[in-house]
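Now for the letters of each chain:
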Amino acid sequence: MMHSTSAPGAADIGSHTLKQWLHDGREIALLDVREHGQYGESHLFYAAPVPYSRLEIDIVRLAPRRDVRVVVYDDGGSDRTAERAARALAKLGYRQVHRLAGGIAQWQQDGYAAFAGVNVPSKTFGELAEEVFHTPRIGARELAERQRRGDDLIVLDGRPFTEYQKMSIPGGICCPNGELALRAHTLVKDPGTTIVVNCAGRTRSIIGAQTLINLGVPNPVYALENGTQGWYLEDLQLEHGASRRYDDGVAPDELPTLAARSAQLAERHGVPMVDAGAVQAWLRDDTRSTFLCDVRSAEEFAQGSLPGAQHTPGGQLVQATDQYLAVRGARIVVFDAEGVRAPVVASWLRQMGWDACVLKEGVLAELKNDAPATDTPVVSALSDAGVAAALAQGAQAVDLRPGMRYRASHIVGARWSIRPRLDRLALDPARPVVLLAEDAAIAAWAMEDLTALGLTDVKVNTGTPAGWAAAGIALESTPAVPTDTECIDYLFFVHDRHDGNKAAARQYLSWETNLVKQIDERELAGYRFPAG
């Protein structure tokens, strides 16, 4: 049953209605509009994390079609974040916005599950894939022993380079999962060499190893069980700051064979190949959402891509689909430059239940795409010296940077806050406000909310503690402020596992392996593994 709410254009729906909508085959964008830490503690299975502090910045990328069904939710009770989000979406022109009545609290009260962690549908998929394909795995101790013996083996790290550099298996070479189909043969010349694929935990180890197996490489292939965390839990030393990575070059005469191999894999999984004409018609179709996903490397994407395309490096698109698109039931068009990587990525997306296809012409396709944009409010920028002068004249400083960064170092007297909680600050409307932020866009939308609260003199500074100190502004650190409870933007459970906390690492791995036991039959049926 629906009834109107105070948010214009939004209607409340109950948990049972939402559950039906999530499985009725029509497009739906389910948005958790709480901050990252709150989302990571507990959320709905299909929810995309779109925190209210970034809502207008991210929504057009994650759900570009203004007529898509949208459902927003928060904690329920006195939490008004979903109401604010619904109002903001209506302002941007979204015409079918609904709120989950009673938020996640009511959802659970009505007997439905909530999930901790991030990228839950992707991680659940990884666990199911291991079960379905019986992906071979190797434990950290056995790998270390084989390395010590000098066995003929190579460790390929399936994560992006920045993640690999933080911590890696000794001797491991960075080759992100999305690049494996194109690059692995340049790193492993001998079919007798054992290949071990690792990540930080489980999903990308499993999907990377299984990718090579699905492509039919002759080598023995294993997923490193529990990734770098498993290595660390066995008291083995990790490397930090490693820089070994795949070679950018692939011999042109090798491409036809590699492309044929990927095409066979795509065909086995029913991946359609579509031409630019068909995709152009889809982009003009205002009844269905179409996402253009460039699965090439960051360096290639930086040199230019198709209009309106997102950079979605292949391994990450499978590992963290909800960070790139929030519309369940949307079309995904993946493309590359050579026809080797995109078909492999699409084969995984199809198994995850997505309507994914490969653009035949790749990055050379001729496409027009008038993707809608959001106009960010104009802010009045203040230099570091300007901040010093404003503070000297009695301005109120509000620090919108991540809570952990505020703890480490902030301006003396600056109060930490985050957009959904600005109304709790009790700021004086008669005094100017200086918003301190790492991203001017985050500050711009926070400024809109402050204006609605009656604060008209608001300026923005995107400086750093080093710059503030150079301008003569006094800094301090407060390791306990904001408190853990107030740090709603930080997910302790995910970060602590990499910070020398073994209990957190064990808890994380146990959470990951347990995901498949938590999903219901309809969620399980959403995946599309090959029969038999």
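Quick note: structure is the one above.
No experiment lies behind these values; they were computed from the predicted model shown.

A.B. asks: Can you walk me through the overall build of the protein in this structure?
C.D. replies: Along its length, the protein carries 23 helices and 22 strands. Taken against the 2.2 N^0.38 rule, which gives 24 Å for 532 residues, the C-alpha radius of gyration of the protein at 24 Å falls within 12% of a compact globule. Dimensions of the protein along its principal axes, counting C-alpha atoms only, are 75 × 50 × 45 Å. Out of the 532 residues in the protein, the part that is buried amounts to 56%.

A.B. asks: Can you help me understand the sheet that holds strand β19 (residues 415-416) in this one?
C.D. replies: The strands making up a sheet associate through hydrogen bonds between their backbones, and the pairing can be parallel or antiparallel. Read from one edge to the other, the open sheet built from four strands follows the order β19-β17-β20-β21, with strand pairing classed as parallel. The sheet is open, and its two edges are formed by β19 and β21 (458-461), each paired on a single side. The pairing of strand β17 (residues 396-399) with strand β20 (residues 433-436) spans four bridges and is parallel. Across the sheet, Gln396 pairs through a bridge with Val433, a residue of β20. On top of the sheet, helix α19 (residues 440-452) reaches β20 and β21; it is set at about 150° to β20, its chief contact.

A.B. asks: Just to check I follow, could you spell out the pairing of strand β16 (residues 355-359) for this structure?
C.D. replies: It is a general feature of regular strands that their side chains alternate between the two faces of the sheet. In terms of residue burial, β16 counts as a mostly covered element, since four of its five residues are buried. Where strand β11 (residues 273-274) meets β16, two bridges bridge the pair, whose relative direction is parallel. Bridge pairing links Val274 to Leu359 in β16. Inspection of the sheet shows strand β15 (residues 331-335) paired to β16 by four bridges, in the parallel sense. When the sheet's bridge partners are listed, Ile332 is paired in β16 with Ala356. For the crossover from β15 across helix α16 (residues 341-351) to β16, the handedness is right-handed.

A.B. asks: Got a minute to help me understand the pattern of salt bridges in this structure?
C.D. replies: Side chains that differ in charge, positive against negative, can pair when their charged atoms come close. Taken as a whole and assessed by the stated rule, the structure comprises 43 salt bridges. Among the ionic pairs, Asp67 bridges to Arg95, the shortest N-O distance being 2.6 Å. In this pair, Asp67 is assigned in the loop between α3 (55-62) and β4 (70-73) and Arg95 in the loop between α4 (81-91) and β5 (97-100), connecting sequence segments 28 residues apart. Given a relative accessible area of 30%, Asp67 falls into the partly exposed group. Among the ionic pairs, Glu83 bridges to Arg80, the shortest N-O distance being 4.0 Å.

A.B. asks: Sorry if this is basic, but what is going on with the pairing of strand β12 (residues 290-294) here?
C.D. replies: Among the five residues of β12, five are classified as buried, and the element is accordingly described as predominantly covered. Inspection of the sheet shows β12 paired to β15 by five bridges, in the parallel sense. Within the sheet, the bridge partner assigned to Cys293 lies in β15 and is Val334. Relative to strand β13 (residues 310-311), β12 runs parallel, the two sharing two bridges. Bridge pairing links Cys293 to Gln310 in β13.

A.B. asks: Please clarify how the side chain of Thr135 should be interpreted in this entry.
C.D. replies: Locating Thr135 in the fold gives a position in the loop between α6 (120-133) and β6 (137-138). Discounting residues that sit within four places of it in the chain, Thr135 has contacts with Ala129, Glu130, Ile206, Ala209, Gln210 and Ala223.

A.B. asks: Looking at this structure, I do not really get the packing of helix α9 (residues 180-187) against helix α12 (residues 255-268). What am I missing?
C.D. replies: Two numbers describe a pair of packed helices, the interaxial angle and the distance between the axes. Where α9 contacts α12, the axes come no closer than 10 Å and their chain directions differ by 130°. For the element pair α9 / α12, the angle class is oblique. Judged by the twist between their axes, the crossing of α9 over α12 is right-handed. Between α9, through Ala181, Leu182 and His185, and α12, the contact on the second element is made entirely by Leu255, Leu258, Arg261 and Ser262.

A.B. asks: Hey, could you run me through the packing of aromatic side chains in this one?
C.D. replies: The relation between two aromatic rings is expressed through the spacing of the ring centres and the mutual angle of the planes. Counted by the stated rule, this structure contains twelve aromatic pairs. Taking 4.9 Å as the distance between ring centres and 80° as the angle between the ring planes, the aromatic pair formed by Phe45 and Tyr46 counts as edge-to-face. For the pair formed by Phe45 and Tyr46, the shared burial category is buried. Between Phe125 and Tyr527 the ring centres are 5.8 Å apart and the planes differ by 35°, which places this aromatic pair in the tilted class. Placement of Phe125 in helix α6 and of Tyr527 in the segment after α23 (521-525) is noted, with a sequence separation of 402 residues between them. Taking relative accessible area as the criterion, Phe125 reaches 0% and is therefore assigned buried. Residue classification places Tyr527 among the buried residues on the basis of a relative accessible area of 9%.

Cut-off values and rules
Residues numbered from 1 in each chain as written. Predicted model: local features only at pLDDT ≥ 70, side-chain atom pairs only at ≥ 80, totals over all residues. Heavy atoms only, no water. Helix = DSSP H or I, 4+ residues; strand = E, 2+ residues; numbered from the N terminus. Rg over C-alpha atoms; globule rule 2.2 N^0.38 Å. Buried < 20%, exposed > 50% of the residue type's maximum accessible area, 1.4 Å probe, protein only. Pairing = 2+ DSSP bridges. Contact = heavy atoms within 4.5 Å. Axes fitted to C-alpha atoms, helices over the stretch in contact; angles between N-to-C directions. Right-handed = clockwise from strand over helix to strand, strands pointing away. Salt bridge = Lys/Arg side-chain N within 4 Å of Asp/Glu carboxyl O. Parallel < 35°, antiparallel > 145°, perpendicular 65-115°, else oblique. Left-handed = near helix turned anticlockwise from the far one by under 90°. Phe/Tyr/Trp six-rings, centres within 6.5 Å; stacked < 30°, edge-to-face > 60°.

Keep in mind that these numbers describe shape and distance, not what the molecule does.
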